[in-house]
Each structure stands twice: as structure tokens, then as C-alpha cells.
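Given next are the chains, with one letter for each unit.
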Amino acid sequence: MNSEIIVIGAGIIGISAALELRQRGFDVCVVDREGVAAEASQGNAGAFAFSDFEPLATPGIMLKAPKWLLDPTGPLSIPPAYATKIAPWMWRFAMASNKRQYDRAVSAHASLMALSREALKRQIETTNGADFILPKGELQLHESEAEYRAALRVWEARSTHGVTYTKLESPDAIAEVQPGLSPRFTHGVFTPDWLGVTDPKLWTEHLAKAFINAGGRIARAEVRSVEHSSEGVSLTTSSEKLQARQVVIASGAWSHFLTRTLGDRLPLETERGYNTTLPAGAFDLKTQITFSAHGFVASKIGEGIRVGGAVELGGLKLAPNYKRAEVLLDKAKQFMPALDTEGGKQWMGFRPSMPDSLPVIGTAPKTPNVHYAFGHGHLGLTQSAGTAELIADMVERKSSKISLEPFAPNRF
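In this text the structure is predicted, and so the values were computed from the model without any measurement.

Student: How do you make sense of helix H3 (residues 83–96) when you look at a structure like this?
Tutor: Side chains three or four residues apart in an α-helix point the same way, a direct result of the helix having 3.6 residues per turn. Taking 1.5 Å as the rise per residue, H3 with 14 residues should run 20 Å; its terminal C-alpha atoms sit 19 Å apart, in good agreement. Listed in full, the buried residues belonging to H3 are Ile86, Trp89, Met90, Phe93, Ala94 and Ala96.

Student: Sorry, what's going on with empty space enclosed by the protein here?
Tutor: By rolling a water-sized probe across the atoms, one finds the places where empty space is left. What the rule picks out here adds up to one cavity of 30 Å³ or more. By volume, the largest cavity is sized at about 80 Å³. The wall of the largest cavity is formed by 13 residues, among which Glu271, Ser357, His376, Gly377 and His378 lie closest to the centre. Considered class by class, the residues forming the lining of the largest cavity number four nonpolar, seven polar and two charged.

Student: What am I meant to see in the packing of helix H1 (residues 12–23) against helix H7 (residues 200–213) here?
Tutor: When two helices pack together, their arrangement is given by the angle between the helix axes and by the axis-to-axis distance. Where H1 meets H7, the axes come as close as 9 Å, and the angle between the chain directions of the two elements is 25°. Relative to H7, the element H1 lies roughly parallel. The hand of the H1/H7 crossing is left-handed. Residues Ile12, Ile15, Ser16, Ala18, Leu19 and Arg22 of H1 form the contact with H7, whose own contacting residues are Trp203, Thr204, Leu207, Ala208, Ala210 and Phe211. Here the contact of H1 with H7 is composed, by residue class, of nine nonpolar, two polar and one charged.

Student: I keep staring at the layout of surface pockets and nothing clicks. Help me out?
Tutor: Each pocket or cavity is described by its volume, and for the second largest pocket that value is around 460 Å³. What lines the second largest pocket is a set of 20 residues, and nearest its centre among them are Tyr82, Lys85, His256, Arg260 and Glu269. Of all elements in the fold, only H3, helix H8 (255–260) and strand E14 (269–278) reach the threshold of two or more residues within the lining of the second largest pocket. In terms of residue count, H3 provides more of the lining of the second largest pocket than any other element does, five residues in total. Partitioned by chemical class, the residues of the lining of the second largest pocket number ten nonpolar, four polar and six charged.

Student: Just to check I follow, could you spell out the environment of alanine 388 for this structure?
Tutor: For alanine 388, the position within the fold is in helix H10 (residues 380–395). Along the backbone, alanine 388 and glutamate 169 are 219 residues apart, and their C-alpha atoms lie at a distance of 39 Å. Apart from the residues within four sequence positions on either side, alanine 388 is in contact with Ser16, Ala17 and Glu20.

Student: Could you clarify how one ought to interpret the packing of H1 against H10 in this entry?
Tutor: At their nearest, the axes of H1 and H10 sit 8 Å apart, and the two run at 40° to each other. On the basis of the axis angle, H1 is oblique to H10. H10 is crossed by H1, and the crossing has right-handed handedness. Seen from H1, the contacting residues are Ile12, Ile13, Ser16, Ala17, Glu20 and Leu21; seen from H10, they are Gly380, Leu381, Ser384, Thr387, Ala388, Glu389, Ile391, Ala392 and Val395. The residue makeup of the contact of H1 with H10, split by class, is nine nonpolar, four polar and two charged.

Student: What is the right way to read the packing of aromatic side chains from this model?
Tutor: How two aromatic rings sit relative to each other is set out by the distance from centre to centre and by the angle between their planes. Scanning all chains against the criterion turns up twelve aromatic pairs. With 5.9 Å between their ring centres and 10° between their planes, phenylalanine 48 and phenylalanine 50 make a pair best called stacked. Taken individually, phenylalanine 48 and phenylalanine 50 each receive the classification buried, so the pair is uniform in this respect. One aromatic cluster is present, built from ring pairs that chain together Phe185, Phe291, Phe296 and Phe335. Above the ring of tryptophan 254, the side-chain terminus of arginine 33 is found at 4.5 Å from the ring centroid.

What counts and what doesn't
Residues numbered from 1 in each chain as written. Predicted model: local features only at pLDDT ≥ 70, side-chain atom pairs only at ≥ 80, totals over all residues. Heavy atoms only, no water. Helix = DSSP H or I, 4+ residues; strand = E, 2+ residues; numbered from the N terminus. Expected span 1.5 Å × (residues − 1). Buried < 20%, exposed > 50% of the residue type's maximum accessible area, 1.4 Å probe, protein only. 1 Å grid on protein atoms, 1.4 Å probe; cavity = no way out; pocket = protein on both sides within 12 Å on 5 of 7 lines; lining within 4 Å. Points joined across faces, edges and corners; volume = space filled by probe spheres on them. Nonpolar A, V, L, I, M, F, W, Y, C, P; charged D, E, K, R; others polar. Axes fitted to C-alpha atoms, helices over the stretch in contact; angles between N-to-C directions. Parallel < 35°, antiparallel > 145°, perpendicular 65-115°, else oblique. Left-handed = near helix turned anticlockwise from the far one by under 90°. Contact = heavy atoms within 4.5 Å. Phe/Tyr/Trp six-rings, centres within 6.5 Å; stacked < 30°, edge-to-face > 60°. Lys NZ or Arg CZ within 6 Å of the ring centre and 35° of its normal.

Shown next as C-alpha cells:
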């Protein structure tokens, strides 16, 4: 099979990029081993977190990390069986947490967020997707004034990038936004402009349908290698050889296996995220809730409630530790006493993560007709439309709308 462009990966990044390319007139085929939204894109919280500029690697985090890492169900954990393997990545993570690198990452994220916000509007309009979009808002909760005051420094920095928010400085003020929460939460911050989707899987499938209706194609195959050829790029799959003039690698947490076949060894790791989706009637949730000190959220998905989050740096091969999902659900019950925790469905997904929390968006250093779009961590949905436009500009050899230097594949 020959195509002008092959996009490897049918998650939210790959489908968004393929759709944008098809809308610009390219012959595009998406290739994925499992199908549309089969991995991380189906199980996220369904929010466009445009105000979340801060990387995971923040100044001082390495002082907190040992305490977290000793708790196998804490907000950040590394399974002992994986600790040695991830050590080089953790070293880069520590280096990325210094003030200079942190400021650089915040600035880069802010520029990508601003582009992605406007790109999402264009994507919604061109796909008639308004019915999938919800004005969710977001409520971040704190259990003490000290914790709240520390968080305000971050919000003040966000306000310089146009983020609006409301301070909530009592349980009564919090209850006006979201009734039914434990009084242990004394302070909060409400962001009214947060958007979400009714269901991230359905949203990705909607974009995929728009892509197919526009003449795009989606094929099931496992791509095992990518290499430069006389006609462009040759892909070896489990069943055949594919040929394209240009290729976009958007395979999420599996992307580094393909970049290695091109000679690019990138420090991509896996944030294993856990959640439980409860059926309709579990709780009258008015907005997305972030339990800041505990590293998880509660979000409305369809008619149900999804409780999940935290970060487990455990790679792709270890068996899931669903105790993490159970602990989050137990905490959610404490924090939302009326929450009905019966009948939930557990899930674990692989979120692709770089040490500096910035995605890789750029052309392969050694293969100019291969482009990279992966490593968005827990912000894949948020940054998908913006990333798609950047990749399409790259394919067309147009000037980028933002500086791509912070996202360059060779930055490490």
C-alpha cells in the first residue's frame, strides 16, 4: 500500500494530525495496531486543561519524591522492579526540575496551550463537533491555608498568560461551586473557562469519522520499523511493506521503539494512569474536581463519574497494580461522602512522558521526511489540535506558528 502520508498511531494526536493533513488536501492513511482510541486516548479525564502550564518536573520536587516513592499508592510511584531501568530517565527529570529549565518548560507549554485553544475552536467548527464539548470548569481543592497560599503563586503566574480564576477561601464558598464535599477542604480555586468532552473516546472516534468522511483511510497493522527509502519512507509491518512520501510517528508510549529504527534514541517513558469509571447516578458532579495534594481528579464522563490520576512510572510490561485505582476511589469516597462507589469499571493506560514534560514535536534529525508528535504525558487531549496544526505546517514546509525549539527531538 502506498500513501502520500502515513500517520502511525490512531490516538487523539495521530487522528487530529491526520484530519488536519487531510483537510489540507493530502492523501493520508492512519496505521494502528489496535484501532482508534484503543489506548490512552480513551481513558483520560476528558478535559482541555489549557491552564496547566506547569511541568511535572518542578523546582523542589526531588525533595518530595522520596516520600512519595516510598508509598506504592501515592501520587508518584516507581515499582521496585522498574527502578533500575528508569534511573537514566529520572536523572534527566531531576535536571529538568531546576529553575531555568522549569521556566523554559512553562513558557513553551504556554505557547502550545494558546495555539491549541484556538486550534480546538477551528477543529470543533470544521467537524461540527460542538455537541461533544462541555463547559466543565475546574475546581482545585486545598486542605489548609498554607497549601492554598503556595498554590496561589502558580495561579498568579498563570494569570500573566490570560488564565482567569476565582479564589474560594471557605468551605461555604467551595460549596457554592460544588456541593457535597468534605469540609476538610478549606480553600479552593475555580477556573470557569475549562472545557471538556462528553467522552474522550467518543470525541476521538468523532474526529476519526470526520477524517474518513473527508477521504482518509485507517488500517490495522503493527508497524515494526521505519526507514528512509529511495521513494520516501518505507514501513515494515507485521504483514506487509508500506510506502509513503512522508510519515508522522504519533504512537504515544510506543513511539521510541520506532524512532530507534531511524537512529534516534529518545528518553520516552510511561506514566501509567489508573482510574475507575462509575455509572450514572454516582454523584451530582457540577465541575471537574482536582484534589491537589493527592494527585487525582473526579470528572464527569457521559452520565458517569471517572475518578483517576496519579503517576506510576512503570513502563509498558509490568502487570497493572489496580490497588492504585482502589485507593483513589476510597479517597474520593472520603472527600465526596455521597459518592456511590459501586459498579465501577477499572482501567489503566500508558501516557507517553518526556523528562522535561514537553512533547516531542519536530522532524527526525536524520530523516527529514519523518515527523515526530508524541510525549504529551497527561496533556494529549489538551494539546492535540495545536500539535496537529504544527505537524501539518511542518509537512507543508511552512513557518511554525510557535517556536519549536523547546520541543525538538534532539534537545536531549
